[in-house]
Amino acid sequence: FAKQNGRSQYAFYFDELKTDSKRILLLESELRKAIQQKAFVIHYQPKVSLNTQQIIGVEALVRWTNDKLGVVSPAEFIPYAEDTGLIIPLSEVILEKVCIDMVDWRSKGIQDLPVSINIAALHFQQDDFMERINAIIMKYNCSPYQLELELTERTVMQDSETVVTKLIKLKRMGFKISIDDFGTGYSSLSYLNRFPLNYLKVDSSFIQQMTDLQDKQAIVEAIILMAHRLQIKVIAEGAETKDQVKLLKEMGCDIIQGYYFSKPIPSTELLDFLELWEIHKQERNL
Ligand code: C2E
Ligand code: MG
Ligand code: MG
Ligand code: MG
């Protein structure tokens, strides 16, 4: 029995391996094709100010549906794109799509809605990073003042001297700077005041556990205090419940992004969402 069991387990493992490597091969070729065809859609997730109850911006999140692979999560294909270098052309396609949407919103009366985009480490590290993103933004007559760059702790902690210089330049050009997934990296807090930051985005793992775990709550509280001392605003990621929102408000958190208010939605739905939000804002009473 043991032997048989062992063999079937092995067979199962082997099958998994086969489909896994097949999927990776397919992912690679399909991703290359999709980048060429610009076959992605951007969804936007609103961010709500707890102070003014306004939507103060949105985060752009890429979506990919493929004939052969179905819906592929960015959590799967972004790390893969980072490993293969495809992240650079992919990110340029994403930025282009965001610019096209911003132009469309402008023509529909939505002026200057801030949009944050995720910037991968490899992309940020390119010597011509600034020139290339600027070229795309200029091409569509968009402005860096409308854009925020989300960088992870890992990205900014590498070679921090070069990073500081780059961030100061980007800031001068008009971009706002956020640290994404804050709390999950190995950030040395002493670096924070050397970076010209606008926002810290506290990772959703803290937000989702803080109503049950005292120590997570203590960490969120400490992050908010520290950020405010450094004139940095705090965005809570992944708030899903009323209790979480209430607690965050009590702790002085500035901005919330999470399913409690909205999932990431397509550009067309976003326009309706913004309109409805204005109408019902008063009743919401955060
Ligand atoms: P992220 O930048 O930290 O984005 C937040 C993720 O949390 C998004 O997942 C969003 O849909 C999800 N989220 C937001 N609110 C909630 C909530 O209340 N509950 C739960 N359970 N989830 C929530 P998504 O879109 O699957 O993206 C995953 C990650 O993939 C992103 O994490 C980001 O690191 C990367 N990514 C997504 N789009 C892009 C992109 O355009 N460029 C790059 N470079 N990376 C991207
Ligand atoms: Mg992000
Ligand atoms: Mg995040
Ligand atoms: Mg994340």
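Residues numbered from 1 in each chain as written. Chains lettered and ligands numbered in written order. Predicted model: local features only at pLDDT ≥ 70, side-chain atom pairs only at ≥ 80, totals over all residues. Heavy atoms only, no water.

Engineer: Help me understand helix 5 (residues 129–139), please; the structure alone is not making it clear to me.
Structural biologist: Owing to its 3.6 residues per turn, the α-helix brings residues three or four apart onto one side. Listed in full, the buried residues belonging to helix 5 are Phe129, Met130, Ile133, Ile136 and Ile137. The buried residues of helix 5 occupy an angular sector of 135° when the element is viewed end-on, so they sit on one face. Structural note: helix 5 exposes Met138 and Lys139 on the side pointing more than 90 degrees away from its buried face. On its buried face, helix 5 sits against helix 3 (87–107), helix 4 (121–124), strand 5 (147–152) and helix 7 (160–173). (Buried < 20%, exposed > 50% of the residue type's maximum accessible area, 1.4 Å probe, protein only. Helix = DSSP H or I, 4+ residues; strand = E, 2+ residues; numbered from the N terminus. Arc of directions from axis to C-beta. Contact = heavy atoms within 4.5 Å.)

Engineer: Whenever I open this one, the packing of helix 5 against helix 7 confuses me. Can you help?
Structural biologist: Each packed pair of helices is defined by two parameters, the angle between the axes and the distance between the axes. Where helix 5 contacts helix 7, the two axes come as close as 11 Å, and the packing angle between them is 20°. The pairing of helix 5 with helix 7 is recorded here as roughly parallel in orientation. Seen from above, helix 5 lies across helix 7 with right-handed handedness. Contacts between helix 5 and helix 7 involve Phe129, Met130, Ile133 and Asn134 on the former and, on the latter, Lys166, Lys169, Leu170 and Met173. The residue makeup of the contact of helix 5 with helix 7, split by class, is five nonpolar, one polar and two charged. (Axes fitted to C-alpha atoms, helices over the stretch in contact; angles between N-to-C directions. Parallel < 35°, antiparallel > 145°, perpendicular 65-115°, else oblique. Left-handed = near helix turned anticlockwise from the far one by under 90°. Nonpolar A, V, L, I, M, F, W, Y, C, P; charged D, E, K, R; others polar.)

Engineer: How should the pairing of strand 4 (residues 115–118) be read in this particular structure?
Structural biologist: Along any regular strand, the residues point their side chains to alternate faces of the sheet. Pairing of strand 2 (residues 55–66) with strand 4, which is carried by two bridges, proceeds in the parallel orientation. If you follow Glu59 over to strand 4, its bridge partner there is Ser116. Of the strand pairs in this sheet, strand 4 and strand 5 are connected by four bridges, and their pairing is parallel. Paired with Asn118 across the strands is Glu150, a residue of strand 5. (Pairing = 2+ DSSP bridges.)

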